[in-house]
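Summary of structural features
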Amino acid sequence: MKASWEKIEKNQGVLTVEVEAEQVNAALDKAFRKVVRQVNVPGFRRGKVPRNIFEKRFGVESLYQEALDLLLPEAYMKAVEETKIDPVDRPEVDVQQIGKDQALKFTAKVTVKPEVTLGEYKGIELPEKSADVTEEDIQNELKRLQERHAELVVLEEGTAENGDIVILDFEGFKDGVPFEGGKAEKYSLELGSGNFIPGFEEQIVGMAKGEEKDLNITFPENYHVEELKGQPVVFKVKLHDIKRKNLPELDDEFAKDVSEFDTLEEFKADISKRLKERKEWENRMELESIALEKAAEASEVDIPAVMIDNEVNRMFEDFRNQLRMQGMDMKMYLQFTGQTEEKIKEEMRPNAEKRVRNSLVLEAIAKAENIEASEEDVQKELEELANQYQRSVDEIRNIFEANGSMDVLKNDLVNKKTIQFLLDNSKTASSVA
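Quick look at the structure, then. Positions within a chain are numbered from 1, following the residues in the order the chain's sequence is written. In keeping with the predicted nature of the model, local features appear solely for residues at pLDDT of at least 70, side-chain atom pairs appear and are counted solely at 80 or more, and the whole-chain, interface and lining totals rest on all residues. Side-chain measures were taken over the full set of non-hydrogen atoms in the model, leaving aside hydrogen atoms and water.

**Overview of the nonpolar core**
To be explicit about the condition: The definition of a nonpolar core used throughout is a set of buried Ala, Val, Leu, Ile, Met, Phe, Trp, Tyr and Cys residues joined through side-chain atoms within 4.5 Å. The buried label applies to any residue whose accessible area, calculated with a 1.4 Å probe on protein chains only, is under 20% of its type's maximum; exposed applies above 50%, and partly exposed to all values in between. Where helices and strands are cited, they refer to DSSP runs of H or I of at least four residues and of E of at least two residues respectively, numbered from the N terminus. By definition, residues are in contact when any of their heavy atoms lie within 4.5 Å.
By size, the foremost hydrophobic cluster in this structure holds 33 residues, and its most contacted members are Leu15, Phe54, Leu63, Leu104 and Val110. Of all the elements in the fold, those that place two or more residues in this core are strand E2 (12–19), helix H1 (21–35), helix H3 (64–83) and strand E4 (104–111). A per-element tally of this core places H3 first, with nine residues. The contact partners of phenylalanine 54, leaving out residues within four places of it in the chain, are Phe32, Val35, Val39, Val49, Gly59, Ser62 and Leu63. Leu155, Leu191, Phe196 and Val225 belong to the second-largest nonpolar core, a separate cluster that totals 27 residues.

**A word on unusual backbone geometry**
One non-glycine residue, lysine 84, adopts positive backbone phi at about 60°. With respect to the element layout, lysine 84 can be found in the loop between H3 and strand E3 (92–97). The class of lysine 84 is exposed, set by a relative accessible area of 73%. Of note, aspartate 175 is a non-glycine position whose phi angle comes to about 55°, a positive value. Summarising the element assignment, aspartate 175 is placed in the loop between strand E8 (165–174) and strand E9 (177–190). By relative accessible area, which is 69% here, aspartate 175 ends up exposed.

Below you can see the structure in the form of structure tokens.
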């Protein structure tokens, strides 16, 4: 097989490939053995038609597409390997020649990973970050734990307040006519969560159990349903129940209930320790992000649109999965936020572009500095994963190898080492002064 690569503009080029006639004939033979089982020819049992009669009746051309399906994927991958290009999208293939006793000739227009012109990435100035824990931090954490362990009490008297969970029926009407997606029964809503259309939750505040009320709401101008954009509607609401959080007292009993400590003071000391560790981790993540973004800002790279599109799609699927974990599907989310999938993706696009740029720059720095993942690095990572999941190292290694994920693991390790390189070669504002 012969393959050549010619760059035509920016991140695109043409791959020219020629596959020997012997391989083409072998593929035509395989194609015939498959296709002949699917045709009926009078006087012959299915699958028993001689090759010469088949070709005389249907033409050898009837085998070309099947043969191409066999030849093209493998030939393309070998050509990519041989020319050492890095495609980021499906190729546009143009078959120029195929025939019995002839070489297969085709071209593939390919978008490849862009080249990065690195700027200054050593000596990046980073801010100093404190991991000190204040009394306010501890109290906020205790408040969060109080909320988590609060008892929900159904109110028989009184009215709904922000923070309450209400159970209600509602149905929306526009010009007196119900509209699609505007009805629900025994719906659970936490007031103040901001999950519903602006104005909805605010008008539930102050309602009592069993009360019915008409809510006058105007849909946002950017609402995804055309006929409801900016339109006034009425939601008929019936409130069935109000559930209020009864917070536990912050005392030694609370500490015993939610931790392994006997006193609140011991528990607060442990909270302080854990908050410090969390702040140290958050500071580390922030410094890594700043270092990488500064290195990316100093570099030049022309990113193909398809790479950003692919990242947007990955981010959108992650968001969809997060909604599922919260018990909400995308349709419901769009209905009550007035968003559209297109708008969400458009809002994700700048961040997606930043992610792609950072990834490309990080890869370029690793290459420039000859940063690699050694077998020792891989073994250490596998040992940490084995300890984390209470499995043997061999089991963890076998899982990665069976899933074909060992290269992903190595790439993650290279990224970690490259980011550490940026931090090791950075300087703080105080060291500059």
